[in-house]
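Understanding the architecture of this molecule
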Amino acid sequence: MDIVYIKGLKVETVIGIYDWEREIRQTVCLDLKMATDIQQAAASEDIDSTLNYKSVSDRLISFIETSEFLLVETMAEEIAQIILNEFGVRWLKLKLGKPGAVPMAEDVGVIIERGERF
Ligand SMILES: Nc1nc2c(c(=O)[nH]1)N=C([C@H](O)[C@@H](O)CO)CN2
């Protein structure tokens, strides 16, 4: 199993449970590992033979920028389902951080795995 990854993808969005959070945009930061097989692309150098991290990034940026979730849990789950359903990924690990949410902490958030490893 090979991995295509995206690290430190930062997107501004409306997220949070408090009234004041519904009035501002905050940064969420994604680290994403997606299982794939890179051998065909490595041999052919054909971008269509692999998982295009630019395409995944663009889709997620668009989705997150227009979303208005209360919880990071819900956003993480929805992101995972987009990757599994739209990009044919069979397993992923997603870290979704909300840096700045807890001033005394460097970062807070969730880490989830979805799908089956192969
Ligand atoms: N497990 C979670 N805990 C908290 C969340 C969350 O989304 N998941 N959200 C908040 C607030 O919105 C917080 O980010 C504001 O500081 C608190 N706890």
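Computed from a prediction, not measured in an experiment: that's the story for all the values here.

**Some remarks on the site of the ligand**
Around the ligand, the neighbouring residues are G16, I17, Y18, E21, L71, V72, E73, K98 and A101. Contact between the ligand and E21: an oxygen atom at 2.7 Å from a side-chain N or O atom of the residue. In the environment of the ligand, an oxygen atom lies 2.8 Å from a nitrogen or oxygen atom belonging to the side chain of K98. Its free accessible area being 410 Å², the ligand has 67% of it covered by the protein chains. Here the shell around the ligand is built from residues that sort into 5 nonpolar, 1 polar and 3 charged.

**Structural notes on a positive patch on the surface**
Residues K7, K33, K93, K95 and R117 make up a contiguous surface patch of positive charge. Within the secondary structure, K95 is located in strand 4 (residues 91-97).

**With respect to the confidence of the model for the chain**
On average, residues of the chain score 97 in pLDDT, and 100% of them reach the 70 mark or higher. Taken over the whole predicted complex, pTM reads 0.97, whereas the ipTM for its chain interfaces reads 0.97.

**A closer look at unusual backbone geometry**
Phi at E45 is positive, roughly 55°, even though this residue is not glycine. Relative to the helices and strands, E45 is located in the loop between helix 1 (39-44) and helix 2 (53-65).

**Brief notes about a nonpolar patch on the surface**
Judged by side-chain polarity, I17, Y18, W20, I24, L70 and L71 come together as a nonpolar surface patch covering roughly 620 Å² of accessible area. Relative to the helices and strands, L70 is located in the loop between strand 3 (68-69) and helix 3 (72-86).

**Digging into the packing of aromatic side chains**
Going through the model one piece at a time under the given rule, you end up with 2 aromatic pairs. Here Y18 and W20 contribute two aromatic rings whose centre-to-centre distance is 6.5 Å and whose plane-to-plane angle is 15°, an arrangement assigned as stacked. When the centroid spacing of 5.9 Å and the interplanar angle of 50° are considered together, the rings of F63 and F69 count as tilted. The residues F63 and F69 share a single accessibility class, namely buried. Over the ring of W91 we find R117; its NZ or CZ atom is 4.4 Å from the centre of that ring.

Cut-off values and rules
- Residues numbered from 1 in each chain as written.
- Predicted model: local features only at pLDDT ≥ 70, side-chain atom pairs only at ≥ 80, totals over all residues.
- Heavy atoms only, no water.
- Near = heavy atom within 4 Å.
- Polar contact = N/O pair within 3.5 Å; in protein donor to acceptor, adjacent residues only side chain to side chain.
- Areas by Shrake-Rupley, 256 points an atom, 1.4 Å probe, with all protein chains shown as cover.
- Nonpolar A, V, L, I, M, F, W, Y, C, P; charged D, E, K, R; others polar.
- Patch = residues over 30% accessible without salt bridge, like charges linked within 9 Å, V, L, I, M, F, W, Y side chains within 5 Å.
- Salt bridge = Lys/Arg side-chain N within 4 Å of Asp/Glu carboxyl O.
- Lys, Arg positive; Asp, Glu negative; His and termini not counted.
- Charge placed at Lys NZ, Arg CZ, Asp CG, Glu CD.
- Helix = DSSP H or I, 4+ residues; strand = E, 2+ residues; numbered from the N terminus.
- pLDDT = per-residue confidence, 0-100.
- Phe/Tyr/Trp six-rings, centres within 6.5 Å; stacked < 30°, edge-to-face > 60°.
- Buried < 20%, exposed > 50% of the residue type's maximum accessible area, 1.4 Å probe, protein only.
- Lys NZ or Arg CZ within 6 Å of the ring centre and 35° of its normal.

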